[in-house]
Amino acid sequence: MTEYFQIPFKTFKIALEYAKPSQKAILLARKYGFLPYIVERYIKMLNDLEEVEALLKMAGQGLPKSIRCNTLKISCNELKERLESKNVKLREISWYKKGFYVLEGSEKIGYLHEYLFGYYFIQGAPSMIPPLELNPTSSDIVLDMCAAPGGKTTHLAELMRNKGVIVATELNRERMKTLRSNISRMGVTNTVLLRIDARKLSMLKEVFSKILLDAPCTGEGLLPIDPTRKTRTKLEDLYEMASRQIELIKAAIEALAPGGELVYSTCSIAPEENEFVINEILNMFDNVKIGELNIISKFGVKGFVDIFGIKLNSDLSKCYRIFPHKHGMEGFFICKIIKA
Amino acid sequence: MSEHPIFVKASEPIVRNVIATLSQMFGEENVKQVFAGKTVYITRGVKRSELFLATPNMEAFISKYIKGIMGKEPYSLGLFLGQIVKGKYEISMDIAEKLFAEARRNAIMINDHASALFLYGRDVMAKSILKTYPPLSRTVVVVNKLEDFLGLCKLTVKPKELLSGILRENEIVCLNIIDKGWFLRKGH
């Protein structure tokens, strides 16, 4: 066990009970090649076997790629025209006019000249939501924790019109190189890159007006594009990740200025990495509350307030989740925390 | 040499050298506009001295929080200006693209076929040049027919010879220095 287990250890003991697979879960797990405890949790989360099967069937099915137009360099109309002239068929994402699904030609989207010129970023549609929910202005000092490869950092810069300051942190050396390349490619000039364990940012007390934490996670929401997720994560891994996520949020809250906003997101649908984590944070800090979300609330599924027999803070219903089988996107979770 | 660069404000001679080089390429007024109120940082303690342009907000943040409270150094910041190699300033694509967008000078436009090749690191032949954006210096911006920035190359002939018709069609007239394909081939 690592140091990360300290906080949610009590819940982990409960988890051994709630994740104990039923006969139905074992059968479904065998049929679709999942670990039984994962299926057991899906049964309890969705409370509908047809839905559970729909979710399990999504594993490895693939999803349309999506791109975000970079208006720091080009208008979206011009980009669309250019890509269509190269037989790339696009469809605008219903909730974001600068985002497009790539319906045809996705195999070449990563090496077209327009890509090299930084006219778009290839990223999952749900990844476009956290910067929009954070909604930074040109005068903000924004912290982007765990920033590589830079999809959200460059999106933040675009929203800020390349003004203000974004402090983007990343610990991994190779991922940092990718982040720097992407920032350069996309024409972003308002960032300070810092190679650091993001937990150390707690040293900077009340500095940032807005913080984005797209936390490291088990990636349970990536099932449609990565079928190895069916068996990769053990229950202990979920809790280890949750502990790390709690440490990161704690650091973020320390670094957040009073009145500031923190958007927390993961590409996981697991309550253990999402609602449980936020619930722990609400228990730890009496100067934070959950804020309203404006984009994902129009189509997402509300966060759980009672799951696996565990009652959580009722405000967690203000957080939202995307399920692959319901929304046709990678699974995702977003929550906004406001510091008093 | 340490592998961790230390960011310091660039000395006056270095800043003057950078501004003079850029002004010669893109015009003094355009360079002044981009540099106004900003500070040039240079990395020390590493083999390659890189140059960055920081806004006052960044400068304050780095000095107070990153260097001050955290005792750390940034990894990079603001606008990457290029590097100093053997005492000579080498311009980056980032600043060249920005200044070309303002200045529309010191560039050559090449045809589609040559554009595709240039993005694979190839040099430019005389027959590929469609237009020039004078005045030209030794190092010029390369753009395609839509004026997308492709990279930088070094002229091997006199600027006035480029569209004069006196050059052989297949003669290499501009040597690829760096191009946007670099993001796929290598990156930072």
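In the block above lies the structure referred to throughout.
As a starting point, this report considers the structure included with it. Being a predicted model, the structure only gives us computed values, none of them experimental.

**Looking at the overall build of chain B**
Of regular secondary structure, chain B possesses six helices and twelve strands. Expressed as a percentage of the 188 residues in chain B, the buried residues total 39%. In chain B, of all internal contacts separated by at least 6 residues, the share reaching a separation of at least 24 is 65%.

**Describing helix H8 (residues 151-159) of chain A**
Most of H8 of chain A sits out of view: nine of its nine residues are buried. Arg-161 of chain A lies just past H8 of chain A and shows a positive phi near 55°.

**Quick look at the nonpolar core**
Counting 160 residues, the largest nonpolar core has Met-145, Ile-211, Leu-213, Ala-252, Ala-255 and Ile-334 of chain A together with Val-142 of chain B as the members making the most contacts within it. Looking at this core element by element, the count peaks at eleven residues for helix H11 (residues 235-255) of chain A.

**Remarks on the packing of helix H2 (residues 23-32) of chain A against helix H3 (residues 36-46) of chain A**
Residue and element names in this part refer to chain A. Contact geometry for H2 and H3: axes closest at 8 Å, N-to-C directions at 120°. Between H2 and H3, the interaxial angle falls into the category oblique. Taken as a pair, H2 and H3 cross one another with a handedness that is right-handed. Residues Lys-24, Ala-25, Ile-26, Leu-28 and Ala-29 of H2 form the contact with H3, whose participating residues are Pro-36, Val-39, Glu-40 and Ile-43. Among the residues making up the contact of H2 with H3, the classes are represented as seven nonpolar, no polar and two charged.

**Side note on the interface of chain B and chain A**
At the interface, 26 residues of chain B touch 22 residues of chain A. Elements supplying a minimum of two residues to the side of chain B that touches chain A: helix H3 (56-69), strand S4 (76-77), strand S5 (79-85) and helix H6 (182-185) of chain B. Grouping the constituent residues of the side of chain B that touches chain A by class yields 16 nonpolar, six polar and four charged. Here two bridges tie strand S7 (residues 191-195) of chain A to S4 of chain B, and the two strands are oriented antiparallel to one another. Bridge assignment links Leu-193 of chain A to a residue of S4 of chain B, and that residue is Ser-76 of chain B.

**Structural notes on the sheet that holds strand S6 (residues 88-91) of chain B**
Residue and element names in this part refer to chain B. Here we have five strands laid out as an open sheet, ordered S1-S2-S3-S5-S6, and antiparallel in their pairing. Strand pairing shows two members of the sheet lacking a second neighbour, strand S1 (6-9) and S6, which therefore form its edges. Shown here is a sheet whose adjacent strand axes are inclined to one another by a mean of 30°, direction ignored. One ladder, built from four bridges, connects strand S2 (residues 39-44) with strand S3 (residues 49-54); its direction is antiparallel. Counterpart to Thr-39 in the pairing with S3 is Ala-54.

**Overview of unusual backbone geometry**
Cis peptide bonds are those with omega within 30 degrees of zero, and the linkage from Ala-148 of chain A to Pro-149 of chain A qualifies with 5°. For Pro-149 of chain A, the location among the structural elements is in the loop between strand S5 (141-145) and H8. The step from Pro-134 of chain B to Pro-135 of chain B runs through a cis peptide bond, and the omega angle for that step is -5°. Summarising the element assignment, Pro-135 of chain B is placed in the loop between strand S9 (129-133) and strand S10 (139-143).

**Describing helix H4 (residues 93-103) of chain B**
Residue and element names in this part refer to chain B. With respect to burial, H4 is a largely interior element, nine of its eleven residues being buried. Considered for burial, the residues of H4 that qualify are Met-93, Asp-94, Ile-95, Ala-96, Glu-97, Lys-98, Leu-99, Phe-100 and Ala-103. Positive phi shows up at Arg-104, right after H4, with a value of about 50°.

Rules and cut-offs
- Residues numbered from 1 in each chain as written.
- Chains lettered and ligands numbered in written order.
- Predicted model: local features only at pLDDT ≥ 70, side-chain atom pairs only at ≥ 80, totals over all residues.
- Helix = DSSP H or I, 4+ residues; strand = E, 2+ residues; numbered from the N terminus.
- Buried ≥ 20, exposed ≤ 12 C-beta atoms within 10 Å, placed from the backbone.
- Contact = placed C-beta atoms within 7 Å.
- Core = buried A, V, L, I, M, F, W, Y, C linked by C-beta atoms within 7 Å.
- Axes fitted to C-alpha atoms, helices over the stretch in contact; angles between N-to-C directions.
- Parallel < 35°, antiparallel > 145°, perpendicular 65-115°, else oblique.
- Left-handed = near helix turned anticlockwise from the far one by under 90°.
- Nonpolar A, V, L, I, M, F, W, Y, C, P; charged D, E, K, R; others polar.
- Pairing = 2+ DSSP bridges.

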